[in-house]
Number of protein chains: 2
Amino acid sequence: MEEYKELSPSEFFYRNKEIAGFSNPARSLYTAIRELFENSMDACELNEILPEIVISLRKVGERQKTEIYRLYIQDNGSGIPKKHILNALGKMLFSSKYVIRQSRGTFGLGGTMSLLYGQITTGKPVKVVSSTGNSQIHQYVFKIDVRSNQPKIYSEKSYRNYRKWRGTIIEFYLEGNYPKAMRYIINYFKLTAAITPHADILFLDPYGTMYYFPRTINKTPQPPKKIKPHPHGIDLELLKTLIERSPSHMTVKEFLVKSFHRVGSSTAVKFLKYAKIRPDTKLGDLDDTLIDRLYTALTSYDGFIAPNSDILSPIGEDVLREGITKEFRPEYIDTVTRPPSSYRGHPFIVEAALAYGGEIPGQAGDITLFRYANKIPLLYDEGSDVSYIVLERLKQSYRISSDKPLAIFIHIASTKVPFKSVGKEAIADAPEIEREIELAMRTLLRNFIKYRRRVVRKREAVRRLKIYEKYLGLIARFAKQLAGREEVDITPLLRKIRSRYKVEESVETD
Amino acid sequence: MEEYKELSPSEFFYRNKEIAGFSNPARSLYTAIRELFENSMDACELNEILPEIVISLRKVGERQKTEIYRLYIQDNGSGIPKKHILNALGKMLFSSKYVIRQSRGTFGLGGTMSLLYGQITTGKPVKVVSSTGNSQIHQYVFKIDVRSNQPKIYSEKSYRNYRKWRGTIIEFYLEGNYPKAMRYIINYFKLTAAITPHADILFLDPYGTMYYFPRTINKTPQPPKKIKPHPHGIDLELLKTLIERSPSHMTVKEFLVKSFHRVGSSTAVKFLKYAKIRPDTKLGDLDDTLIDRLYTALTSYDGFIAPNSDILSPIGEDVLREGITKEFRPEYIDTVTRPPSSYRGHPFIVEAALAYGGEIPGQAGDITLFRYANKIPLLYDEGSDVSYIVLERLKQSYRISSDKPLAIFIHIASTKVPFKSVGKEAIADAPEIEREIELAMRTLLRNFIKYRRRVVRKREAVRRLKIYEKYLGLIARFAKQLAGREEVDITPLLRKIRSRYKVEESVETD
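Residues numbered from 1 in each chain as written. Chains lettered and ligands numbered in written order. Predicted model: local features only at pLDDT ≥ 70, side-chain atom pairs only at ≥ 80, totals over all residues.

A. Representation of the overall build of chain A in the model. For chain A, the count of helices and strands is 13 helices and 16 strands. By the compact-globule yardstick of 24 Å for 510 residues, chain A is too spread out, its C-alpha radius of gyration being 30 Å. Considering only C-alpha atoms, chain A reaches an extent of 110 × 70 × 60 Å along its principal axes. For chain A, the residues scored as buried account for 45% of the 510 residues in total. In chain A, 74% of the contacts between residues at least 6 apart in sequence involve partners at least 24 apart. (Helix = DSSP H or I, 4+ residues; strand = E, 2+ residues; numbered from the N terminus. Rg over C-alpha atoms; globule rule 2.2 N^0.38 Å. Buried ≥ 20, exposed ≤ 12 C-beta atoms within 10 Å, placed from the backbone. Contact = placed C-beta atoms within 7 Å.)

Okay, here's the thing in structure tokens:
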């Protein structure tokens, strides 16, 4: 006989922590740091605050194969209102991320998962201090009760906020393996800093090394905005929910205008004609057949304007170029921004860059792929990412030959990045996204090939010029001796050749 | 100001259905079929029933870019007890899979997710009919209420079970794209049939084609058994739960013997000496410091016997060999079973096969990887799977040259397969698993190289022999003419050469 059991959301994720990126001590340490860091960045950027984030990791003990660390993270973000602090951090599936908006946080469970992981591995409670900048600072010490999915308070204090401090501090203990995770953690900060020059990031590692990524731009990017769902992005379940939550005497036309992104009064009228539903039909009078017809029409009508991409917050070509140049000092850099597009009703933008030479890592001819989604660098599971698949395909058709390593940077900004797992490491292959990535990469590769061809042609010309310089003089001298005439000046001739092959006068021919 | 919200488990998975494999109509159709099929197989095999499973997919409607299908699946498994039917299928995180045992189902949510996906995309309720073989057959028509995570009954009936029928039938509607998913679905059944010759599987596809995989072995494999947790597989949270759930007057020695796999009375005594805890300490007297010490000792003590692998249900080399031969008719096949091992307290076994030539797909020199976990074929996300990574590495060092395509089959059986996502497609790289996969592959590749060398050497010998046969006769004749002697019989000489190069008499030399 089978035993049937019910799990709380905490218990489910606790048992399956691997799917959220907590698979071994090294990876778990990396995941915990990035999840909390991303929450901090969101708490700043979504509120137009220039981020100042301090992360400190200290080794406090050892077990047989792993180590125990204390992780401290402080931000100057919006802070969490008192009534939400415990639930936001001590209860699974309770979050401020459950709105339609571009943000680093996606599933609204990374922060709580990190704290739960710490609790599972060390048994110690979490300390959180937060203030929204009002008159009070609140401090809680708590654990998560896995079975009931509820926070369990150990202590609770409030302080007067004399200096109007605003932000959140979290401190907790967790098992980890810094020596193994170090490369990923440092890379993560380095690659984040490369695209967020408006952030001030300080990381103190367990060896006492300070990694400081100072702010270089004093301007926050345009924060992403919340939107209503686009008609092409809904499903039948959501449509029914939206109808249920509206007053039953509301007309279907009013309902459409109120509930959907990009549906104005005239669009609604045109659409309802297409759907063969009378605009003044009351919501209460919609039966299952009519709702089904409404749904089919909503998802198939092509008269809706594409979702507005103004609500997204891309990196921007200038910032991308500057950041990559700062971190990698390449010889050549090229950037491209694709026009906004959408998949299943979710707006997105692809930005990309190609850099060559300088401090780009790898061997001659290598192409390293750097992936970003909503400004998060993605370091694991490259092999199953859509960008990787596209790049592998393009490598076949472009056959880049290069004497130095190359790097391609891809950033996808969207209200909903189709991550393959809760660990947020690989992006699924939505056809529309795949297409935009391919077009961006094609442009970059074509431009690079042209550039290389110019460089190679110039090098070839220099070589030829060197030969001409060497022999033309001799020929001229021989010719003079043969004819008994004066020596010919070959300088104008060489200049002509130089200009033909576009070699500047200053280029040394040896 | 941020909005904070709480989601029910249903709502969470509904919003993030991509992470469970429901990312587009084709993939979702594939996922729904496999999740329900795997539940059916588990319902048979875990109860030593020879599986007879019928799956029928019919197209019933069309939308702009997708189609609506009716999916019917019937098994002769254990059936679901009446009181659990609605929760098991209509409530997320309610399942019979939350025990420690090898089974296809892992997360206990695939079935409910499939039905929810159908409901989201078509708005239609699900019909389920089930009986455990007792006097009644129960039928429910229901939907899942996403916000409350509760089943919502539409109709409910019971019939007298005259013929003692036992099993479960599920019928529901869902959006899909069969033309695109077809290749995956057929492959999935084909690859499953290859390793489960004791199952009878019938799939009727929307084109009316019948795919029948008949049973060829009338013996169910040894069913996997449930176990208690191994001391090396627990975390602090679980230890505390186990202590809380035991009577406080129980001694710590009794507790260890009762709660853990592989801990007998004498092991418990030896261990407690190592942990410096008195065996007769009452559970009620364990404070946080002692529990922490107990935990650290449990995970670090190396005197525990490795988890028992008898509770696993591998495919078996014979079945693997027979199944692959049946489906691919290779020229050469080799199998290997690694000794049982464990990672983080979870027992596992790696089985592998290498097949060459015959109907193995691909080009000469290609190595196709077929991955299985707990008898499920894994068809997506190969690039981030541990087997793929190991194989790519080994390809570098072995440099297999082959005139025909090769295939490598890898099966991992475990009480807990470390899947990277809820979609169960890629396996994470636990070092112990990676090691066993590598050793299995190395054995197969070495054996194959030896085989190829023998084949090539033999071919070379045949070539040489052909030359000898051609010229030795001539030489003998010339020698005779020169010496004026009788012709020499070269047959014994040729036989000697044949035997030296191990070419059978029957081998044609041209």
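Still more ground to cover, so stick around.
B. Highlighting unusual backbone geometry. Phi is positive for asparagine 149 of chain A, which is not a glycine, with a value near 55 degrees. Its place among the elements puts asparagine 149 of chain A in the loop between β6 (136-145) and β7 (150-160). The buried category is assigned to asparagine 149 of chain A, around which 23 C-beta atoms lie within 10 Å. With a phi angle near 75 degrees, arginine 262 of chain B is a residue other than glycine that sits in the positive phi range. Along the chain, arginine 262 of chain B turns up in the loop between α7 (252-259) and α8 (265-275). Classification of arginine 262 of chain B as partly exposed rests on a count of 17 C-beta atoms within 10 Å.

C. Summary view of the sheet that holds strand β5 (residues 126-132) of chain B. All names here are of chain B. Taken in spatial order, the eight strands make up an open sheet running β7-β6-β5-β8-β3-β2-β9-β10, and their pairing is mixed. Looking at the sheet topology across the chains shown, the edges are occupied by β7 (150-160) and β10 (210-213). Neighbouring strand axes in the sheet, compared pairwise and without regard to direction, differ in orientation by 15 degrees on average. Bridge count between β5 and strand β6 (residues 136-145): five bridges; the pairing is antiparallel. Bridge pairing in β6 links valine 126 to phenylalanine 142. Helix α4 (residues 110-122) rests against β3 (67-75), β5, β6 and β8 (166-176) of the sheet, and its axis sits at about 35 degrees to β8. (Pairing = 2+ DSSP bridges. Axes fitted to C-alpha atoms, helices over the stretch in contact; angles between N-to-C directions.)

D. Representation of the relation of the copies chain A and chain B within the structure. Take chain A, turn it by 180 degrees, move it 0.0 Å along the axis, and it overlays chain B with an RMSD of 0.2 Å. Overall, the copies show the geometry of a two-fold rotation axis. For chain A, the smallest separation between a C-alpha atom and the rotation axis is recorded for glycine 383 of chain A, amounting to 2.3 Å. With an isologous cut-off of 70% or more, the 100% of interface residues of chain A that recur at the interface of chain B puts this contact in the isologous class. (Least-squares fit on C-alpha atoms with pLDDT ≥ 70 in both.)

E. Highlighting the sheet that holds strand β5 (residues 126-131) of chain A. Residue and element names in this part refer to chain A. If you walk across this open sheet you meet the eight strands as β7-β6-β5-β8-β3-β2-β9-β10, and the pairing is mixed. With one partner strand each, in any of the chains shown, β7 and β10 (210-213) form the two edges of the open sheet. On average, each strand axis in the sheet is inclined to that of its neighbour by 15 degrees, with strand direction left out of account. Where helix α3 (residues 82-90) meets the sheet, it contacts β5, β6 and β7, and its direction lies at approximately 30 degrees from that of β6.

F. Seen up close, the domain arrangement of chain A. Taken as a whole, chain A is organised into domain 1 (9-213), domain 2 (231-300), domain 3 (309-448) and domain 4 (452-500). For domain 1 of chain A versus domain 2 of chain A, the distance between C-alpha centres works out to 41 Å. (Domains from an automatic or database assignment.)

G. Region of interest: the nonpolar core. Membership of the largest hydrophobic core comes to 237 residues, with the highest contact counts inside it found for Ile408 of chain A together with Ile408 of chain B. If near-sequence neighbours (up to four positions away) are discounted, isoleucine 408 of chain A is found in contact with Ala352, Leu354, Ile367, Leu369, Leu391, Met441 and Leu444 of chain A. One finds Phe255, Leu256, Val263 and Leu286 of chain B within the second-largest nonpolar core, a separate group that totals nine residues. (Core = buried A, V, L, I, M, F, W, Y, C linked by C-beta atoms within 7 Å.)

H. Focus on the confidence of the model for chain A. Summary statistics for chain A give a mean pLDDT of 89 and a share of 96% for residues scoring 70 or more. In the predicted assembly, ipTM is 0.82 and pTM is 0.84. (pLDDT = per-residue confidence, 0-100.)

I. Broad picture of the interface of chain A and chain B. At the junction of the two partners, chain A supplies 48 residues and chain B supplies 48 residues. Breaking the side of chain A that touches chain B down by element, the ones donating at least two residues are β1 (5-6), α1 (9-15), α3, β4 (94-95), α4 (110-122), α6 (236-244) and α9 (288-300) of chain A. Tallied by class, residues from the side of chain A that touches chain B come to 19 nonpolar, 17 polar and 12 charged. Examined bridge by bridge, β4 of chain A and strand β1 (residues 5-6) of chain B share two bridges and lie antiparallel to one another. (Nonpolar A, V, L, I, M, F, W, Y, C, P; charged D, E, K, R; others polar.)

J. Looking closely at the pairing of strand β13 (residues 346-356) of chain B. Residues and elements named next belong to chain B. Counting buried positions over the 11 residues of β13 gives 11, a clear majority of the element. The sheet contact formed by strand β11 (residues 332-337) and β13 spans six bridges and is antiparallel. Bridging from a neighbouring strand, tyrosine 332 pairs with tyrosine 356 of β13. Inspection of the sheet shows strand β12 (residues 341-343) paired to β13 by three bridges, in the antiparallel sense. Each residue of the ladder has a partner; that of tyrosine 343, found in β13, is histidine 346. Turn length for the β12-β13 hairpin, with the two strands adjacent in sequence and antiparallel, is two residues, and the turn residue arginine 344 shows positive phi of about 40 degrees. Sheet topology note: the β13/strand β16 (residues 406-414) ladder contains nine bridges and is antiparallel. Bridge assignment links leucine 354 to a residue of β16, and that residue is isoleucine 408.

K. Structural context of helix α8 (residues 265-275) of chain A. Residues and elements named next belong to chain A. Within α8 the residues assigned to the buried category are Ala268, Phe271, Leu272 and Ala275. An end-on view of α8 places all buried positions within 100 degrees of arc, on one side of the element. Set apart from the buried face of α8 by more than 90 degrees, the exposed residues are Ser266 and Lys273. Close packing links the buried residues of α8 with α7 (252-259) and α9. Downstream of α8 by one or two residues, lysine 276 has phi in the positive range, about 60 degrees. (Arc of directions from axis to C-beta.)

L. Molecular detail of helix α6 (residues 236-244) of chain B. Where α6 of chain B is concerned, the buried positions are Leu236, Glu237 and Leu239 of chain B. Down the axis of α6 of chain B, the buried side of the element spans an arc of 165 degrees, and every buried residue falls inside it. The elements touched by buried residues of α6 of chain B are α1 and α4 of chain A together with α9 (288-300) of chain B.

M. How the structure looks around the pairing of strand β2 (residues 52-62) of chain A. All names here are of chain A. Relative to strand β9 (residues 200-204), β2 is paired through five bridges, and the arrangement is parallel. For isoleucine 53, the partnering residue across the bridge sits in β9 and is isoleucine 201. The pairing of β2 with strand β3 (residues 67-75) spans eight bridges and is antiparallel. Within β3, the residue paired with arginine 58 across the bridge is arginine 70.

N. Examining the packing of α6 of chain A against α9 of chain A more closely. Residues and elements named next belong to chain A. Running from amino to carboxyl end, α6 crosses α9 at an angle of 120 degrees, the nearest separation of the two axes being 10 Å. Accordingly, the angle class assigned to the pair α6 and α9 is oblique. Pair α6 / α9 crosses with right-handed handedness. Counted together, Leu236, Leu239, Lys240 and Ile243 of α6 and Ile291, Leu294 and Tyr295 of α9 form the full contact between these two elements. Among the residues making up the contact of α6 with α9, the classes are represented as six nonpolar, no polar and one charged. (Parallel < 35°, antiparallel > 145°, perpendicular 65-115°, else oblique. Left-handed = near helix turned anticlockwise from the far one by under 90°.)

O. Up close: the environment of arginine 464 of chain A. Residue and element names in this part refer to chain A. Of note, arginine 464 is situated in helix α12 (residues 431-483). Classification of arginine 464 by C-beta neighbours within 10 Å gives partly exposed; the count is 14. In this structure, the C-alpha to C-alpha distance between arginine 464 and proline 125, residues 339 residues apart in sequence, is 74 Å.

P. Up close: the environment of threonine 122 of chain B. Within the secondary structure layout, threonine 122 of chain B lies in helix α4. Note: C-alpha distance between threonine 122 of chain B and isoleucine 449 of chain B (327 residues apart in sequence) is 54 Å. In contact with threonine 122 of chain B, other than residues within four places in its own chain, are Leu236 of chain A together with Ile68, Tyr173, Leu174 and Glu175 of chain B.

Q. Region of interest: the environment of proline 81 of chain A. Tracing the backbone through its elements, the reader meets proline 81 of chain A in the loop between β3 and α3. Sequence spacing of proline 81 of chain A and glutamine 119 of chain A is 38 residues, and the spatial spacing of their C-alpha atoms is 24 Å.

R. Representation of the packing of helix α5 (residues 178-195) of chain A against helix α10 (residues 317-328) of chain A in the model. All names here are of chain A. Two elements in contact, α5 and α10, have axes separated by 7 Å at closest approach and are oriented at 140 degrees. When the axis of α5 is compared with that of α10, the two are oblique. Residue-level inspection shows Lys190, Ala194 and Ile195 of α5 in contact with α10, the latter providing Val319, Leu320, Gly323, Ile324, Lys326 and Glu327. In terms of residue class, the contact of α5 with α10 is built from five nonpolar, one polar and three charged.

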